[in-house]
Amino acid sequence: MKKLTCLGLALVMALSLTACGGNNNSSSNSNGTGNSNTGSAAGAQSTDNNTQTDLSGSVTTNGSTSMEKVVLTLNEQFMIDHPDVKASYDPTGSSTGIEAAKNGSADIGLASRALKDEEVADGLKSTTLALDGIAIIVNADSAISDLTVEQIAQIFKGEVTNWSEMGGADGAIACIGREGGSGTRDGFESITGTEDLCVLSQELTSTGAVIEAVKNNPQAIGYASLSAVEGQEGIKAITVNGVACSEETVLDGSYEIQRPFILVTKEGETLSEAAQAWFDWATSAAASDLIRAAGAVPMV
């Protein structure tokens, strides 16, 4: 009986040790596997955090006043997306913006005209951001609603000096234009064939000043960027050869008086990380709606 009792106790103890050993192994495997998975997830999260660094620094742009609304709209959104980046814009005119890109005083130059051969020879490169129609504007009370490109040229060259000659009310025509070096002026004169021939009543240094001058003079005619003219009171944009200045007519080419909005950089020189990111985003489809909302015609 004692032998049977001892044998029974030994059997119970053996079974208990086996069960405990199995539980320890299982627990070890489970914990080991769990720790391994947790470690992998933590490692992956750490890697993601290391690669998802946001931009910092600055992006400086300088140039065309006609591009003001477009560039400020882009800058505002870019700084919302990248709070540690300061994107600035200096409205100095196209020629000054091109020079700024050349001498490195700005990351990106802005011009509302194509680069000239000598500027390309200086190592500058242009990328078209958008297209812009140059609207021909008259006072809101003017009887003039349509002119041909030839008639516009005759008016600005001083060959026609009274609105009665164009079907309007009797009154001396006052031509309002931009200063030398303006991309808007360069675009207008190259398209209308009036380079160095314009007879201006006023030569002004910004798009806004031209609009104000036409608004305040019933006999005035001027030209301004489509993006600046839309929604303005006191002036009206006339049709040219029967075609209104709009996004659709600029994009399909039926509106004749149009020019590009370009970004100017130096060939072979690398932009800063922030400036390159701004450039890539601004010229992508992601920025198209913003460019359109600012009144210009996006390229993508």
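Calculation criteria
- Residues numbered from 1 in each chain as written.
- Predicted model: local features only at pLDDT ≥ 70, side-chain atom pairs only at ≥ 80, totals over all residues.
- Heavy atoms only, no water.
- Phe/Tyr/Trp six-rings, centres within 6.5 Å; stacked < 30°, edge-to-face > 60°.
- Helix = DSSP H or I, 4+ residues; strand = E, 2+ residues; numbered from the N terminus.
- Buried < 20%, exposed > 50% of the residue type's maximum accessible area, 1.4 Å probe, protein only.
- Pairing = 2+ DSSP bridges.

### Let's talk about the packing of aromatic side chains
The description of an aromatic ring pair rests on the distance of the ring centres and on the angle between the ring planes. Scanning all chains against the criterion turns up four aromatic pairs. Plain terms: the ring middles of Phe188 and Tyr223 are 4.2 Å apart, the flat faces sit at 15 degrees to each other, and that makes the pair stacked. Here Tyr223 lies in strand S8 (residues 220–225) and Phe188 lies in helix H6 (residues 183–192), a separation of 35 residues in the sequence. Comparing Phe188 with Tyr223 shows no difference in burial state: the two are buried. Through successive ring pairs, a cluster of aromatic residues spans Phe156, Phe188 and Tyr223.

### Structural notes on unusual backbone geometry
For Asp196, which is not glycine, the phi dihedral falls at a positive 60 degrees. Here the phi dihedral of Asn241 falls at roughly 55 degrees; this positive angle occurs in a residue that is not glycine. Of note, Asn241 is situated in the loop between strand S10 (239–240) and helix H9 (247–251).

### Some words on the pairing of strand S6 (residues 174–178)
Of all five residues that make up S6, five are buried, and the element is covered over most of its length. Residue alternation in S6 divides its side chains into two sets, Ala174, Ile176 and Arg178 and Cys175 and Gly177, and both sets are buried. Two strands pair when backbone bridges link them, and S6 and S8 are joined in this way by two bridges, in the parallel orientation. Note on S8: the bridge partner recorded for Ala174 is Ala220. Of the strand pairs in this sheet, S6 and strand S7 (residues 202–204) are connected by three bridges, and their pairing is parallel. The residue of S7 that forms the bridge with Arg178 is Leu204.

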